[in-house]
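What follows is each chain in one-letter form.
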Amino acid sequence: MIVKLRLEVDSLKIILLGADEIGFETAKDLLNNNRIESITVADDNEEKAHDVCRKLKSKKLASLKINAKNYVELENVLKAYDLLINTLSYEYIVPVAHAAIRAKIHALDRGGHLRYFTRFLFALHDNAEEAGVTYIPDLGVSPGVSNILTSYCARQFDSIDTIKIYAGSIPITSPQPLHHKHMFPISRLLEQYNDLSYVIQDGKRKYVPPLSGIEPIQIGNFPQLEAFYTAEGPSTLLQSFPKLKTYEHKTIRHPGHAEKMKLLKDLHLTRDDYSVFLSRTAKIKPKEFFLKIAGIHLSLQDEPDAVLLKIHMDGKKRNDELVQTIEFICMKDQDISTYATAYVIGTTLSIVAQMIIDGIISEKGVIPPEKIVPSERFIEEMKKRKAIIHIY
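Summary of the structure given here. (Residues numbered from 1 in each chain as written. Predicted model: local features only at pLDDT ≥ 70, side-chain atom pairs only at ≥ 80, totals over all residues. Heavy atoms only, no water.)

**Focus on the overall build of the chain**
Inference 1: Looking only at helices and strands, the chain has 15 helices and 18 strands in total.
Inference 2: Overall, the chain is about 65 × 55 × 40 Å in size when its C-alpha atoms are taken along their principal axes.
Inference 3: Burial analysis of the chain (392 residues in total) assigns 56% to the buried set.
Inference 4: Taking the intrachain contacts of the chain between residues at least 6 apart in sequence as the baseline, contacts between residues at least 24 apart amount to 72%.
Inference 5: As presented, the chain carries roughly 17,400 Å² of accessible surface, and 50% of it is formed by carbon and sulfur atoms.
Inference 6: Within the chain, one finds 51 positive and 50 negative side-chain charges whose respective centroids are separated by 2 Å. (Helix = DSSP H or I, 4+ residues; strand = E, 2+ residues; numbered from the N terminus. Buried < 20%, exposed > 50% of the residue type's maximum accessible area, 1.4 Å probe, protein only. Contact = heavy atoms within 4.5 Å. Areas by Shrake-Rupley, 256 points an atom, 1.4 Å probe, with all protein chains shown as cover. Lys, Arg positive; Asp, Glu negative; His and termini not counted. Charge placed at Lys NZ, Arg CZ, Asp CG, Glu CD.)

**Structural notes on the sheet that holds strand S1 (residues 12-17)**
The strands making up a sheet are joined through hydrogen bonds of the backbone, oriented either antiparallel or parallel.
Inference 1: The strand order S3-S2-S1-S4-S5-S6-S17 describes an open sheet built from 7 strands, whose pairing is parallel. The open sheet has two free edges, formed respectively by strand S3 (61-65) and strand S17 (365-366), since each of these has just one partner strand.
Inference 2: Sheet analysis places strand S4 (residues 83-86) next to strand S5 (residues 106-109), joined by 4 bridges and oriented parallel. What sits directly across from Leu 84, in S5, is Ala 107.
Inference 3: Its contacts with the sheet put helix H3 (residues 46-56) on strand S2 (36-43) and S3, and the angle it makes with S3 is roughly 175°. (Pairing = 2+ DSSP bridges. Axes fitted to C-alpha atoms, helices over the stretch in contact; angles between N-to-C directions.)

**Let's talk about empty space enclosed by the protein**
Inference 1: Considering all chains together, one arrives at 1 cavity of 30 Å³ or more under this definition.
Inference 2: Within this model, the largest cavity holds a volume of roughly 40 Å³.
Inference 3: As for the largest cavity, its lining consists of Ser 169, Ile 170, Lys 181, His 182, Met 183, Phe 184, Leu 300, Asp 305 and Thr 341.
Inference 4: Here the residues of the lining of the largest cavity sort into 4 nonpolar, 3 polar and 2 charged. (1 Å grid on protein atoms, 1.4 Å probe; cavity = no way out; pocket = protein on both sides within 12 Å on 5 of 7 lines; lining within 4 Å. Points joined across faces, edges and corners; volume = space filled by probe spheres on them. Nonpolar A, V, L, I, M, F, W, Y, C, P; charged D, E, K, R; others polar.)

**Some remarks on the packing of helix H13 (residues 340-357) against helix H15 (residues 375-383)**
Inference 1: Relative to each other, H13 and H15 sit at 130°, their axes nearing to 11 Å. With respect to H15, the element H13 is oriented oblique. Like other packed secondary-structure pairs, H13 and H15 cross with a definite hand, here right-handed. Judged by residue contacts, Thr 347, Thr 348, Ile 351 and Met 355 of H13 engage Arg 377, Phe 378, Glu 381 and Met 382 from H15.
Inference 2: Split by residue class, the contact of H13 with H15 holds 4 nonpolar, 2 polar and 2 charged. (Parallel < 35°, antiparallel > 145°, perpendicular 65-115°, else oblique. Left-handed = near helix turned anticlockwise from the far one by under 90°.)

**Details of the environment of Ile 311**
Inference 1: Residue placement: Ile 311 occurs in strand S15 (residues 305-317).
Inference 2: Sequence spacing of Ile 311 and His 98 is 213 residues, and the spatial spacing of their C-alpha atoms is 33 Å.
Inference 3: The residues contacting Ile 311, other than those within four sequence positions of it, are Ser 146, Leu 149, Thr 150, Lys 164, Ile 165, Gln 324, Thr 325 and Ile 326.

**Overview of the nonpolar core**
A general trend in soluble globular proteins is that nonpolar side chains are found buried together.
Inference 1: Formed by 72 residues in total, the largest nonpolar core has its most connected members in Ile 85, Leu 108 and Phe 328.
Inference 2: The dominant element in this core, judged by the number of residues it contributes, is H13, at 12 residues.
Inference 3: Among all residues touching Leu 108, those that are not within four sequence positions of it are Leu 84, Ile 85, Asn 86, Tyr 135, Ile 136, Leu 139, Leu 349, Val 352, Ala 353 and Ile 356.
Inference 4: Among the nonpolar cores identified, the runner-up in size contains 29 residues, and Leu 74, Tyr 81, Ala 99 and Leu 121 belong to it. (Core = buried A, V, L, I, M, F, W, Y, C linked by side-chain atoms within 4.5 Å.)

**Concerning helix H4 (residues 71-78)**
Inference 1: Considered for burial, the residues of H4 that qualify are Leu 74, Glu 75 and Leu 78. Looking down the long axis of H4, one finds its buried residues gathered within 100° of arc, a one-sided arrangement. (Arc of directions from axis to C-beta.)

**A short note on unusual backbone geometry**
Inference 1: Residue Pro 143 is bonded to the preceding Ser 142 through a cis peptide linkage, with omega at 10°.
Inference 2: Turning to its location among the elements, Pro 143 is positioned in the loop between strand S6 (134-136) and helix H8 (145-154).
Inference 3: Going from Gln 176 to Pro 177, the amide bond is cis rather than trans, its omega being 0°.
Inference 4: Relative to the elements of secondary structure, Pro 177 occurs in the loop between strand S7 (159-171) and helix H9 (186-194).
Inference 5: The backbone of Asp 202 shows a phi angle near 55°, a positive value even though the residue is not glycine.
Inference 6: With respect to the secondary-structure elements, Asp 202 resides in the loop between strand S8 (197-201) and strand S9 (204-208).
Inference 7: For His 268, which is not a glycine, the phi torsion comes out positive at approximately 65°.
Inference 8: With respect to the element layout, His 268 can be found in the loop between helix H11 (257-266) and strand S13 (276-277).
Inference 9: When its relative accessible area of 27% is taken as the criterion, His 268 is described as partly exposed.

**Some remarks on the layout of surface pockets**
Inference 1: For the second largest pocket, the calculated volume is near 280 Å³.
Inference 2: Contributing to the lining of the second largest pocket are 14 residues, with Asp 20, Glu 21, Lys 55, Ser 337 and Thr 338 lying nearest its centre.
Inference 3: When residues of the lining of the second largest pocket are assigned to their parent elements, the largest contribution, 4 residues, is made by H3.
Inference 4: Of the residues belonging to the lining of the second largest pocket, the class tally is 4 nonpolar, 3 polar and 7 charged.

Now the structure itself:
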């Protein structure tokens, strides 16, 4: 199959890995593109995949049971499609990317962690280029939307000294007792709070402790929030902007959350490598106990949420000092049946997939979003989809 020729016809076949909330929102948005003949929602839980199709009520949709860990089977299945969208969690990213490139189809994923997963994808660049396919990683909130918005701001500068990214998905109101609730598994939240954060300060690259650097932040009409270092970011931005003097990525939460989580961390309730003996023969991991208890209090469930991004950049334009800030806000409303977080990630994946389908993106290889996604067009599309974006 020659992918380039397939994209010139009006009967394109998409396979969507993952039937969770993100998969639902991705499929829902893709249905608006008339060039797409079919969308197969694939998951190891066939009932979940069928449920997505049932809710969206489109003849374009079909469900498929697939074991994404069986990479030989996955590669054979992918050969029947033109484009893959991988919404599975990040441990699947690299092997699924291998399968997609070997099957010679374009592919996207919703992101991972540079130190552990995403960086390994770029070793596949030559393979993807030779196969004639485009692979774009890290299309979540941050990394993802933040990378594309950073790219937009960067176009206004001749040289950039500082990039500061503030990003978070939060419940609209501050819930007790931990001032936060989360759409994703709580174990993923704890990973952000356990790993070191990578920063550039005074031109020097270093690691700083998570849950440190707490500062107040104002965004939109929200009351004052807080931001602090976590293991989120920087993904590929430091490779794309290698001459920065300052780089920081902080996570946005309701005030008080960081201090409470730091206390729990100091008590070793979030560590993977810590166990205690209750008796001579009974041993437990406090983290496992904490996840059972805290899961009730940290799970978002039916509460409305919001995705918030604020990016600050400074540098020079024609030898003059230039400062620019961009804010991105998307809140759950009655038209979003899942979460604002899932909606933003799903629509981001859909928008970028449609850019490939429509020939707006044509470069081949494994390429980060800030280098390949047309940022102005992306902003226009997100504004059509409930995002509030201010640039000042």
